[in-house]
Amino acid sequence: MSMTKRETRDYQNSDASHHIHAFLDQKALNAEGARVMVKGDRLNLWDNDGKRYLDGMSGLWCTQLGYGRQDLADAAAAQFAQLPYYNMFFHTTHPAVIELSELLFSLLPKHYSHAIYTNSGSESNEALIRTVRRYWQVVGKPDKKIMIGRWNGYHGSTLAAAALGGMKPMHEMGGMIPDVAHIEEPYWYVKGGDLTPHEFGLQCARQLEDKILELGADNVAGFIAEPFQGAGGMIFPPESYWPEIQRICRQYDVLLCADEVIGGFGRTGEWFAHEYFGFEPDTLSIAKGLTSGYVPMGGVILSKRIADALVNEGGVFAHGLTYSGHPVAAAVAIANLKALRDENIIATVRDDTGPYLQKALREVFGNHPLIGEIQGGGLVAALQFAEDKATRRRYANENELAWRCRTIGFEEGVIIRSTLGRMIMAPALIATHAELDELVEKTKRAVDRTAKEIGLL
Ligand code: PMP
């Protein structure tokens, strides 16, 4: 990076000339120019013009420890000096990955025993599909190949991960893979009709049973879902949902695969979101908060049942990445997990800052004319826009309204995300009461200004 200060417009023009951004209309972005972020500290980000933003989204749901942790930088530097790279292919391993596994499995529920390391959430889900199918081959049920996901679920941007996800525009761009099916998402506010949340949760879960029966249990390998949907709008399922899903998976011997890429590492105030919702997956896909996003790393966590079969009866496991278990990533993950554990950060989210944020949001937005529902737990939350709260009718242009609110948020110096008609926040887990107050206050300004623009306030 050049040390002389460059003008923002210069950066933007260069970026526009060479860089395809994620999930954006490039032409529209180029006309406006991307915001150039240059520095971070705790929950704060600064752009190239010195404007400060409170990051209400932990980057992309990943900077659990916030920005600027010297211990993570030191861990990376020490590992760079000691052994910056080695692979796992040549009958070799290294202390960083060994110690990471020891630490990870000391934090995970006891029925998990093995990890396959990757560099991202997408790669974790790619590896998951191959591993789950391999498991069924090894135990003599090779026909069990089909993965069932959910419409509006998100599992990554690579081909198979995007196929598992339920984002139709992603299926249209680049195609689908065979042996993937989808069921409806448990989004009660929009899809629940006259059912109570409890009834709707059961109904959504039973779609899984119907789908398994339609496809034949002997052909279904696994069901994958995020414990709470993240990219699809930060949707918490009704309480009846997960117990019923678990019952169905057990009954038909379908592996229950939790995508913990967003929910993992403390977001809900538990180490993993499946613990918050009280179910027991067979596999966990992880990434993001594993390293607080400081370096790329992910993984698939396997239960003993799966790992035992693969290790003892599976022979050669024909899968591997050049950077699996990368020593620098592993060293950063160790420093990150130690900080989350030893600084009591996750317990603080569960007992203090999580309830503090949830209460503040309900106090501030409970009677807001634009907001129909407030969902969330721990340090993740969504505000649902509604035109008529009694009937849960939404604005026809809710996407635009939410996008506008997000843009106003940037103007007000807060980064919150919009998805469909929902405003989402997921601040770093180290957030103090004062930082959460600032988040709520600035979000309120953005929501109020949005409401004013449509004549509500
Ligand atoms: N799964 C979930 C639940 C995610 O939210 C994401 C990314 N937002 C992914 C997988 C993909 O992760 P990555 O972008 O690291 O490939």
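- The protein is annotated in an unreviewed UniProt entry as Aminotransferase from Pluralibacter gergoviae.
- Under the UniProt heading Sequence similarities (unreviewed entry), the entry covering the protein gives this text: "Belongs to the class-III pyridoxal-phosphate-dependent aminotransferase family."

**Quick look at the domain arrangement of the protein**
Consideration 1: Along its sequence, the protein is carved into domain 1 (8-68 + 344-454) and domain 2 (71-343).
Consideration 2: If you average the C-alpha positions of domain 1 and of domain 2, the two centres end up 26 Å apart.
Consideration 3: If you look at the interface, domain 1 gives 39 residues, while domain 2 gives 40 residues.
Consideration 4: Around 3100 Å² of area is buried between domain 1 and domain 2 when both sides are counted, 58% of it from carbon and sulfur atoms.
Consideration 5: Area buried by domain 1 at its contact with domain 2 is led by Trp61, Ile346 and Arg392, which between them contribute 24% of it.
Consideration 6: At the boundary of domain 1 with domain 2, the tally comes to 0 salt bridges.
Consideration 7: Across the contact surface, domain 1 and domain 2 share 22 residue pairs in polar contact (both at pLDDT 80 or more).
Consideration 8: Counting residues per element, the ones that place at least two in the side of domain 1 that touches domain 2 are helix H3 (58-61), helix H15 (345-365), strand S11 (371-377), strand S12 (380-385), strand S14 (417-419) and strand S15 (422-425).
Consideration 9: Residue composition of the side of domain 1 that touches domain 2, grouped by class: 19 nonpolar, 13 polar and 7 charged.

**Describing the packing of aromatic side chains**
Consideration 1: Applying the stated criterion across every chain yields a total of 13 aromatic pairs.
Consideration 2: Summarising the aromatic geometry, the rings of Phe236 and Phe277 are spaced 5.2 Å apart at their centres and angled 70° between planes, so their arrangement reads as edge-to-face. Within this pair, whereas Phe236 is found in the loop between strand S7 (220-225) and helix H11 (241-251), its partner Phe277 is found in helix H12 (residues 273-277), the two being separated by 41 residues in sequence.
Consideration 3: For the pair Tyr276 and Phe277, a centre-to-centre distance of 5.0 Å together with 80° between the ring planes defines the contact as edge-to-face.
Consideration 4: One aromatic cluster is present, formed by Phe228, Phe236, Tyr276 and Phe277 through successive ring pairs.
Consideration 5: Over the ring of Phe410 we find Arg35; its NZ or CZ atom is 3.6 Å from the centre of that ring.
Consideration 6: Geometry around Trp403 places Arg406 over its ring, the cationic atom sitting 4.0 Å from the centre.

**As for the site of the ligand**
Consideration 1: Around the ligand, the surrounding shell consists of Ser120, Gly121, Ser122, Asn125, Tyr154, His155, Gly156, Glu226, Asp259, Val261, Ile262 and Lys288.
Consideration 2: Note that an oxygen atom of the ligand is positioned 2.9 Å from one of the backbone N or O atoms of Gly121.
Consideration 3: Expressed as a share of its isolated accessible area of 400 Å², the protein-covered part of the ligand is 84%.
Consideration 4: Considering only residue class, the shell around the ligand consists of 3 nonpolar, 6 polar and 3 charged.

**A look at the pairing of strand S3 (residues 52-55)**
Consideration 1: One ladder, built from 3 bridges, connects strand S2 (residues 44-47) with S3; its direction is antiparallel. Considered in S3, the bridge of Leu45 is made with Tyr53.
Consideration 2: What sits between the antiparallel neighbours S2 and S3 is a turn of 4 residues, in which Gly50 has the positive phi angle 85°.
Consideration 3: With 2 bridges joining them, S3 and strand S13 (residues 414-415) adopt parallel strand pairing. Its bridge partner lying in S13, Asp55 is registered against Ile415.

**A closer look at empty space enclosed by the protein**
Sizing a probe to match a water molecule and rolling it over the atoms shows the empty space that remains.
Consideration 1: Enumeration according to the criterion identifies 1 cavity of 30 Å³ or more in this entry.
Consideration 2: Looking at the largest cavity, the residues that line it are Gln12, Asp15, Ala16, His21, Leu29, Asn30, Gly33 and Ala34.
Consideration 3: Of all elements in the fold, only helix H1 (8-18) and helix H2 (26-32) reach the threshold of two or more residues within the lining of the largest cavity.
Consideration 4: Top contributing element to the lining of the largest cavity by residue count: H1, with 3 residues.
Consideration 5: Split by residue class, the lining of the largest cavity holds 3 nonpolar, 4 polar and 1 charged.

**Overview of the sheet that holds S15**
Consideration 1: Spatial ordering of the open sheet is given by S11-S12-S15-S14, a layout of 4 strands whose pairing is antiparallel. For this open sheet the edge positions go to S11 and S14, each flanked by a neighbour on one side alone. Each adjacent strand pair in this sheet contributes to an overall mean axis angle of 20°, direction not counted.
Consideration 2: The sheet contact formed by S14 and S15 spans 3 bridges and is antiparallel. Looking at S15, one finds that Thr419 is bridged to Arg422.

**Description of the layout of surface pockets**
Consideration 1: Put simply, the second largest pocket is a space of about 830 Å³.
Consideration 2: Considering the residues around the second largest pocket, the lining is formed by 25 residues, among which Met88, Ala115, Ile116, Phe317 and His319 are closest to the centre.
Consideration 3: At the level of elements, helix H5 (95-107), strand S4 (112-118) and helix H13 (304-313) are the ones that each hand at least two residues to the lining of the second largest pocket.
Consideration 4: When the residues that make up the lining of the second largest pocket are grouped by side-chain class, the tally is 15 nonpolar, 10 polar and no charged.

**Some points on the packing of helix H16 (residues 398-412) against helix H17 (residues 433-453)**
Consideration 1: Remark: H16 packs on H17, axes separated minimally by 8 Å, with the N-to-C direction vectors making an angle of 130°. Judged by the inter-axis angle, H16 sits oblique to H17. The two elements H16 and H17 meet at a crossing, and its hand is right-handed. Contacts between H16 and H17 involve Leu401, Arg404, Cys405, Ile408, Gly409, Glu411 and Glu412 from the first element and Lys442, Arg445, Ala446, Val447, Arg449, Thr450 and Glu453 from the second.
Consideration 2: When its residues are assigned to classes, the contact of H16 with H17 shows 5 nonpolar, 2 polar and 7 charged.

**Notes on the pattern of salt bridges**
Working definition: two side chains of opposite charge can pair if their charged atoms are close together.
Consideration 1: Using the criterion set out here, one finds 28 salt bridges in the structure.
Consideration 2: Residue Glu343 pairs with Arg69 through a salt bridge whose shortest N-O separation is 2.7 Å. You can see Glu343 sitting in the loop between helix H14 (327-342) and H15 and its partner Arg69 sitting in the loop between H3 and helix H4 (70-82), a full 274 residues away along the chain.
Consideration 3: Under the relative-accessibility criterion, Glu343 is labelled partly exposed at 40%.
Consideration 4: What makes Arg69 buried here is its relative accessible area of 18%.
Consideration 5: Note that Glu244 and Arg206 form a salt bridge whose closest N and O atoms lie 2.8 Å from each other. Of this pair, Glu244 sits in helix H11 while Arg206 is found in helix H10 (residues 197-215), placing the two residues 38 residues apart along the sequence.
Consideration 6: A single network of salt bridges, built from pairs that share partners, joins Glu411, Glu412, Glu441, Arg445 and Arg449.

About the thresholds
Residues numbered from 1 in each chain as written. Predicted model: local features only at pLDDT ≥ 70, side-chain atom pairs only at ≥ 80, totals over all residues. Heavy atoms only, no water. UniProt positions renumbered as here; feature names shortened; annotations may be inferred. Domains from an automatic or database assignment. Contact = heavy atoms within 4.5 Å. Buried area = accessible area lost by both parts, 1.4 Å probe. Salt bridge = Lys/Arg side-chain N within 4 Å of Asp/Glu carboxyl O. Polar contact = N/O pair within 3.5 Å; in protein donor to acceptor, adjacent residues only side chain to side chain. Helix = DSSP H or I, 4+ residues; strand = E, 2+ residues; numbered from the N terminus. Nonpolar A, V, L, I, M, F, W, Y, C, P; charged D, E, K, R; others polar. Phe/Tyr/Trp six-rings, centres within 6.5 Å; stacked < 30°, edge-to-face > 60°. Lys NZ or Arg CZ within 6 Å of the ring centre and 35° of its normal. Near = heavy atom within 4 Å. Areas by Shrake-Rupley, 256 points an atom, 1.4 Å probe, with all protein chains shown as cover. Pairing = 2+ DSSP bridges. 1 Å grid on protein atoms, 1.4 Å probe; cavity = no way out; pocket = protein on both sides within 12 Å on 5 of 7 lines; lining within 4 Å. Points joined across faces, edges and corners; volume = space filled by probe spheres on them. Axes fitted to C-alpha atoms, helices over the stretch in contact; angles between N-to-C directions. Parallel < 35°, antiparallel > 145°, perpendicular 65-115°, else oblique. Left-handed = near helix turned anticlockwise from the far one by under 90°. Buried < 20%, exposed > 50% of the residue type's maximum accessible area, 1.4 Å probe, protein only.

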